[in-house]
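Letter by letter, the chains look like this.
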Amino acid sequence: MSSQKLSRDLRLLLIFSALRNVTDLFLGTFLISFIMRISPTEILSVSMYKLFEYAATCAGFFMFAHWCKHYNKVSVFALNQIPKIALLLAIILLGDNVAEYVVPLGLLYGIGAAMYHLPMNLMVGEKSTRDTVGLYMGAKTATNYTVKVVVPVILGFFIDTGSYTSVAYVLLGLSVLELFLMAFLSPSRHRTRRPLDFGGFFRCMMRFPVIRTLFAMEIMRGFGMGLLASVITMYTVFMFKTDLNLGIFTTLFSLFSILTSWLLGRFGRPRHYPYIILLAMFISAMGISLFVWRTTPITFLGYNLVYATAIVVLDQLCAVNMFKLSNSKCITANHKIEYFVFRDFALFIGRWVGYVGLMYIGVFGGYAWLRWYLVVITLSIMVAGWMTMRMLPYFKKNK
């Protein structure tokens, strides 16, 4: 695997992934921090923002599936800039009134996310092989966490010394850069006159147990990974108060994620995956146990280290299996769009259940209950890791 090289298009997709990560830091991590400082019901407001974001993302996958199946996916990919620019302009105009408009802002962010992730996933599936997908996912994770090393401290500093809304102008400039770079992507079309066939794919899913395992895994992953970043951000702001501190800790733990992802992508082999998953699950269990036993800033930083290493490994291996399955014999070329739409629907189920639970905690529990919810989140990620381990024999048998 280490002798394989990434194509030009895959390298371009890595650049888009890194730029998207900058946007997600600003509209995810730091927007949550901003809402927490200006809203008297911060957990409820954040939950509402994320609930409507994920609802719009799921609806967007179904809305744009037809376009991606019959036309150039790069065009859908380029159009994701429209809702993103609209969202940035809304933040600039609303200023400190952002918390009053979390529902429409979440919807805008979600639609843009669907227009980004659906064509992105399809292009990665088309332009990678079963040999290069592990290398690509390792490079992608390491690249994204490299962004998280540099960008959070810069964003935190400028938000603390200036304002959150003033930084939105920089993101508008990055949108223009992304549009320019999209001109260099090769066209990505699947020429077919067949309509979307969700019923046919569902029957296919019932025939192959490995597909059902994948979707159960994605529900658990949607619940765990969909919530964990938000809860970590809430706890960081709650314990350490400023955006600069949030940026510093995000940067620090991103260094560990870069090293972990690079090592996994560079040296990890499929035959090692079961042992890696078991070790990561054990470390995750130890980290959350210590945090619940003694909830202090020190044990919270220790859990952050677990998140940056063991949990990142579990999530990365889940993603590798997801792309491998999209290129396997049980997913035909005519059902790839349906596969990714169903997969996002599974993520949506997990995310919505998770944020409804978080909203309940925001209304009735507060931070006293939040640490126990973090236990449930961590367990769901460990279950996703166990499920991805169950999928490994299928790939070994169908090389």
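Owing to the predicted nature of the structure, the values given are computational and were not obtained by experimental measurement.

Trainee: Any chance you could break down the overall build of the protein chain for me, citing the residues and the numbers?
Mentor: Secondary structure assignment for the protein chain yields 14 helices and zero strands. In sequence order, the secondary structure elements of the protein chain are arranged as α-α-α-α-α-α-α-α-α-α-α-α-α-α. Computed over C-alpha atoms, the radius of gyration of the protein chain comes to 20 Å, within 12% of the 21 Å expected from 2.2 N^0.38 for 399 residues, which places it in the range of a compact globule. Evaluated residue by residue, the protein chain yields a buried proportion of 58% over its 399 residues. Sequence-distant contacts in the protein chain: of pairs separated by 6 or more residues, those separated by 24 or more amount to 88%. Per element, the accessible surface of the protein chain, about 16,500 Å² overall, is 69% carbon and sulfur.

Trainee: Please set out the layout of surface pockets residue by residue, giving values where relevant.
Mentor: Sizing a probe to match a water molecule and rolling it over the atoms shows the empty space that remains. Estimates place the volume of the second largest pocket at around 170 Å³. Forming the boundary of the second largest pocket are T260, L263, L264, F267, G268, I276, L279, A280, I283, T309, A310 and V313. Those elements giving two or more residues to the lining of the second largest pocket turn out to be α10 (243-267), α11 (273-293) and α12 (297-326). Partitioned by chemical class, the residues of the lining of the second largest pocket number nine nonpolar, three polar and no charged.

Trainee: So what about the packing of helix α1 (residues 8-38) against helix α4 (residues 81-94)? Which residues, and what values?
Mentor: Two packed helices can be described by the angle between their axes and the distance between those axes. Close contact between α1 and α4 brings their axes to 12 Å; oriented N to C, the two are set at 35°. Helix-helix and strand crossings are classified by hand; for α1 and α4 the assignment is left-handed. Here α1 contributes R20, T23, F26 and L27 to the contact with α4, which in turn contributes K84, L87, L88 and I91. Residue composition of the contact of α1 with α4, by class: five nonpolar, one polar and two charged.

Trainee: Explain α12 residue by residue, including any values.
Mentor: In a regular helix each residue adds 1.5 Å, so 30 residues correspond to 44 Å; α12 covers 42 Å between its end C-alpha atoms and thus fits that length. Where burial is concerned, most of α12 is hidden: 24 out of the 30 residues are buried.

Trainee: Please set out the pattern of salt bridges residue by residue, giving values where relevant.
Mentor: For the structure shown, the criterion picks out nine salt bridges. Taking the shortest distance from any N to any O, the salt bridge between R20 and D24 comes out at 3.4 Å. One end of the pair is R20 and the other is D24, both in helix α1 and four residues apart, which spans about a single turn. With relative accessibility at 4%, the residue R20 sits in the buried group. The partly exposed category is assigned to D24, whose relative accessible area is 24%. For E218, the salt bridge goes to R343, with nearest N and O atoms at 2.5 Å. Placement of E218 in helix α9 (residues 209-240) and of R343 in helix α13 (residues 336-364) is noted, with a sequence separation of 125 residues between them. Both residues of the pair, E218 and R343, count as buried.

Trainee: Please provide a residue-by-residue account of α1, values included.
Mentor: Compared with the 45 Å implied by 1.5 Å per residue over 31 residues, the 44 Å span of α1 between its first and last C-alpha is a close match. Remark: the principal bend of α1, roughly 40°, maps to L31. Across the 31 residues that make up α1, a large majority, 25, are buried.

Trainee: Describe the packing of aromatic side chains, naming the residues involved and giving the relevant values.
Mentor: Per the counting criterion, the structure on display carries 16 aromatic pairs. Between Y339 and F340, the aromatic rings sit 5.1 Å apart at their centres with planes inclined by 80°, giving edge-to-face as the arrangement. Residue F340 is classed as buried on the basis of its relative accessible area, which comes to 1%. Among the aromatic residues, those joined into a ring-pair cluster are F215, F323, Y339, F340 and F342. The cationic tip of R20 hangs over the ring face of Y116; the distance from NZ or CZ to the ring centre is 5.0 Å. Sitting over the ring of W293, R294 keeps its end group 4.6 Å from the ring centre.

Trainee: Give a description of the packing of α1 against α9 that names residues and reports values.
Mentor: At a minimum axis distance of 10 Å, the contact between α1 and α9 shows a crossing angle of 50°. The orientation of α1 with respect to α9, classified from their angle, is oblique. By crossing handedness, the relation of α1 to α9 is classed as right-handed. Of the residues in α9, those touching α1 at T29, I32, S33 and M36 are S230, T233, M234 and V237. Its residues assigned to classes, the contact of α1 with α9 shows four nonpolar, four polar and no charged.

What counts as what
Residues numbered from 1 in each chain as written. Predicted model: local features only at pLDDT ≥ 70, side-chain atom pairs only at ≥ 80, totals over all residues. Heavy atoms only, no water. Helix = DSSP H or I, 4+ residues; strand = E, 2+ residues; numbered from the N terminus. Rg over C-alpha atoms; globule rule 2.2 N^0.38 Å. Buried < 20%, exposed > 50% of the residue type's maximum accessible area, 1.4 Å probe, protein only. Contact = heavy atoms within 4.5 Å. Areas by Shrake-Rupley, 256 points an atom, 1.4 Å probe, with all protein chains shown as cover. 1 Å grid on protein atoms, 1.4 Å probe; cavity = no way out; pocket = protein on both sides within 12 Å on 5 of 7 lines; lining within 4 Å. Points joined across faces, edges and corners; volume = space filled by probe spheres on them. Nonpolar A, V, L, I, M, F, W, Y, C, P; charged D, E, K, R; others polar. Axes fitted to C-alpha atoms, helices over the stretch in contact; angles between N-to-C directions. Left-handed = near helix turned anticlockwise from the far one by under 90°. Expected span 1.5 Å × (residues − 1). Salt bridge = Lys/Arg side-chain N within 4 Å of Asp/Glu carboxyl O. Bend = angle between axes of the 7 residues up to and from the residue. Phe/Tyr/Trp six-rings, centres within 6.5 Å; stacked < 30°, edge-to-face > 60°. Lys NZ or Arg CZ within 6 Å of the ring centre and 35° of its normal. Parallel < 35°, antiparallel > 145°, perpendicular 65-115°, else oblique.

The values are spatial; any link to function lies outside them.
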